[in-house]
Amino acid sequence: MAESFITTNRFFDNKHYPRGFSRHGDFTIKEAQILERHGQAFNELDLGKREPATEAEKLFVAMCRGEREAATVEEKIWKKYTSRISRPKRFHTLSGGKPQLDPSDDYTDSDD
């Protein structure tokens, strides 16, 4: 991996992880370090802003396109990151019960 995923910029996601990857609890310390160190390269490869230079990067791009399953540590971390930021936020109530539905929001089709 020495020649793969080289970048000079650290990767941060202030929108989803404003306190950093390691402080949020979704990632281990090692995963957070890999994301910070190589995440910029992962992101550029995923978005197509950068051409893959090595075989590892070509396989990474294929994983991002859904052509293969994540196999390496880097691929698994990136897949974990992208799945975490795309999922909807959980809804919590103070009462501990389920959210109540408003009967006026009934969207059933009544064209009998």
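Before any of the text, the structure's been laid out above.
Residues numbered from 1 in each chain as written. Predicted model: local features only at pLDDT ≥ 70, side-chain atom pairs only at ≥ 80, totals over all residues. Heavy atoms only, no water.

1. Quick notes on the overall build of the protein
From N to C terminus, the protein includes four helices and zero strands. For the protein, the α and β elements follow one another from N to C terminus as α-α-α-α. Looking at the protein as a whole, 29% of its 112 residues qualify as buried. A separation threshold of at least 6 residues defines the contact pool for the protein, and within that pool the share at least 24 residues apart is 58%. Of the roughly 8600 Å² of accessible surface on the protein, a fraction of 49% belongs to carbon and sulfur atoms. (Helix = DSSP H or I, 4+ residues; strand = E, 2+ residues; numbered from the N terminus. Buried < 20%, exposed > 50% of the residue type's maximum accessible area, 1.4 Å probe, protein only. Contact = heavy atoms within 4.5 Å. Areas by Shrake-Rupley, 256 points an atom, 1.4 Å probe, with all protein chains shown as cover.)

2. Examining the environment of Q40
Along the chain, the position of Q40 falls in helix 2 (residues 29-47). Residues Q40 and I6 lie 34 residues apart in sequence; the distance between their C-alpha atoms is 8.9 Å. If we skip the residues at most four places from it in the chain, Q40 touches T7, N9, R10 and F11.

3. Notes on the nonpolar core
Formed by 18 residues in total, the largest nonpolar core has its most connected members in F21, L35, F60, W78 and Y81. Within the residue set of this core, elements represented by two or more residues are helix 2, helix 3 (55-64) and helix 4 (73-86). Looking at this core, the element that brings in the most residues is helix 2, giving six residues. Setting aside residues up to four positions removed in sequence, L35 forms contacts with F11, F21, F27, I77, W78 and Y81. (Core = buried A, V, L, I, M, F, W, Y, C linked by side-chain atoms within 4.5 Å.)

4. Focus on the packing of aromatic side chains
Applying the stated rule across the entire model yields 13 aromatic pairs. Considering the side-chain rings of F5 and F42, the 5.0 Å spacing of their centres and the 80° angle between planes classify their relative orientation as edge-to-face. Taken together, the positions of F5 in the segment before helix 1 (21-24) and F42 in helix 2 put the pair 37 residues apart, joining distant regions of the chain. Like F42, F5 is buried. Residues F42 and F60 carry aromatic rings whose centres are separated by 5.1 Å and whose planes lie at 25° to one another, so their mutual orientation is stacked. Here F42 is found in helix 2, whereas its partner F60 is found in helix 3, with 18 residues between them in sequence. Here the two residues F42 and F60 agree in accessibility, since each one is buried. Ring pairing ties together the aromatic residues F5, F11, Y17, F21, F27, F42, F60, W78 and Y81, which thus form one cluster. (Phe/Tyr/Trp six-rings, centres within 6.5 Å; stacked < 30°, edge-to-face > 60°.)

5. Let's talk about the pattern of salt bridges
The full count for this structure, using the stated rule, is five salt bridges. E31 is the salt-bridge partner of K80, the closest N and O atoms lying 2.8 Å from each other. Placement of the pair is K80 in helix 4 and E31 in helix 2, with a sequence separation of 49 residues. Among the ionic pairs, E75 bridges to R68, the shortest N-O distance being 2.6 Å. (Salt bridge = Lys/Arg side-chain N within 4 Å of Asp/Glu carboxyl O.)

6. Brief notes about the side chain of H38
For H38, the position within the fold is in helix 2. Taking the relative accessible area as the measure of exposure, H38 reaches 9% and is therefore buried. Polar side-chain contacts of H38 include one of 2.9 Å to the backbone oxygen of F5. (Polar contact = N/O pair within 3.5 Å; in protein donor to acceptor, adjacent residues only side chain to side chain.)

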